[in-house]
Amino acid sequence: MQMRRLGRAGPEISVVGIGCWEAGGADWGPNSSEREVVAAIHAGLESGVTWVDTAEVYGQGLSEQIVGRALAGRDDVLVFTKVAPTEGSGLRPEQVQSAIDASLRRLGRDHVDLYQIHWPDDSVPLEETWGAMAGIVQAGKARLIGVSNFDRARVERCLAIHPVASVQNEFSLLVRDDRAGLLSWLADAGIGYLAYSPLAAGRLTGGLPPGHSFGDGDWRSGRGRFADWREDGEEWPFDEQPLARALAGVDRMRPLAGRLSASVAGLALRWVIEQPGVSGVIAGSRDAGHTRSNAAAGELALDAGELAELEEIFAP
């Protein structure tokens, strides 16, 4: 498993981490069994993964509880979690204090290795919230603090108060926005970058057949850049549907995956890992086999030609 430092001052981490959004059930449907989820986490650790990423809002704390049970007695695994603003009232300093204590209870730990603001909310001045986050470090409840879904301007406001260890944003073959300037700036500033949804919420796993569509009960069927419906509520023409185009690209990846004896998901993950400035990818699954397969991306080698081939397949 390849290792990289998380920013300039963070710990060495595996380039693949275990994401535990699915473990919370809710958006992804209920867990078939907690034992299965724990087994998936253990499979990743056995494959060389050194960190787990979760959040208080994943299943209203259920994900953190399961992570705590899976890692009981294990001090060798890094734990990252997140605190989310309350809709309409933002993220108040007192909420940060109570949230970290609740997360630590669920995780069964006296500190986390990285505590992150889940998304920005301007209802409360960011400076007040980040000051409270810095207090969590001073209290010894978090070794490092970071942010998620933040742009450069907000990161700079945080830096004026306390160092930012990492930024966790969406990044994949289908979502490359941060390559336009944020990634290089973060690297120069010594800030780590964790890519979430590197498989585009399942679209790049290779497991969806051509012509697949998400059911009405699936959150991915809503409006948006990957959904069947445009933001204005009109249906995409079939040949322009984001999901159809993504799956067509996945089919074009299969020959390369075969030549390298790799999975389609592994190629998609490795492409993200190879982007300058990326510290690691967050790959989540409740299936032990998938977790092992995702971890294998940490050892996969792609040359310049192979990376260019993937670039061409998913060219904007």
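An account of the accompanying structure is given in this report. (Residues numbered from 1 in each chain as written. Predicted model: local features only at pLDDT ≥ 70, side-chain atom pairs only at ≥ 80, totals over all residues. Heavy atoms only, no water.)

Quick look at the nonpolar core
Membership of the largest hydrophobic core comes to 75 residues, with the highest contact counts inside it found for Ile41, Tyr115 and Met253. In terms of residue count, helix H8 (residues 264-273) provides more of this core than any other element does, 8 residues in total. For Tyr115, the contacting residues outside a window of four places in its chain are Thr81, Lys82, Val83, Val96, Ala99, Ile100, Met133, Ile136, Ala142, Leu144, Ile145 and Gly146. Counting residues in each nonpolar core, the second largest holds 9 residues, with Leu78, Leu114, Ala165 and Ile282 among its members. (Core = buried A, V, L, I, M, F, W, Y, C linked by side-chain atoms within 4.5 Å. Buried < 20%, exposed > 50% of the residue type's maximum accessible area, 1.4 Å probe, protein only. Helix = DSSP H or I, 4+ residues; strand = E, 2+ residues; numbered from the N terminus. Contact = heavy atoms within 4.5 Å.)

Let's talk about the environment of Ala262
Relative to the elements of secondary structure, Ala262 occurs in the loop between helix H7 (242-259) and H8. On the basis of relative accessible area, Ala262 is assigned to the partly exposed category, the value being 23%. Between the C-alpha atom of Ala262 and that of Ala297, which follows or precedes it by 35 residues, the distance is 8.4 Å. The residues contacting Ala262, other than those within four sequence positions of it, are Ala257, Leu267 and Leu300.

Some details on the side chain of Ser103
The topology assignment puts Ser103 in helix H3 (residues 93-107). Dropping the residues within four chain positions of it, Ser103 is found in contact with Glu56, Glu64 and Thr81.

Focus on the pairing of strand E8 (residues 166-170)
Most of E8 is tucked away, with 5 of its 5 residues classed as buried. Neither face of E8 is open: one carries Ser166, Gln168 and Glu170, the other Val167 and Asn169, and all of them are buried. In the sheet, strand E7 (residues 142-148) pairs with E8 via 2 bridges, with the strands oriented parallel. Bridge pairing links Val147 to Val167 in E8. Since E7 and E8 lie parallel, the crossover through helix H5 (residues 152-159) that links them has a hand, and here it is right-handed. Two strands pair when backbone bridges link them, and E8 and strand E9 (residues 192-196) are joined in this way by 5 bridges, in the parallel orientation. (Pairing = 2+ DSSP bridges. Right-handed = clockwise from strand over helix to strand, strands pointing away.)

Description of the sheet that holds E8
In space, the 8 strands of this closed barrel follow the order E3-E4-E5-E6-E7-E8-E9-E10, with parallel pairing throughout. When strand polarity is set aside, the average angle formed by the axes of neighbouring strands in this sheet is 30 degrees. Lying over the sheet, helix H4 (residues 126-138) contacts strand E5 (78-83), strand E6 (112-117) and E7, oriented at roughly 155 degrees with respect to E7. Each of strand E3 (16-19), E9 and strand E10 (280-284) touches H8; the most contacted strand, E10, lies at about 150 degrees to it. (Axes fitted to C-alpha atoms, helices over the stretch in contact; angles between N-to-C directions.)

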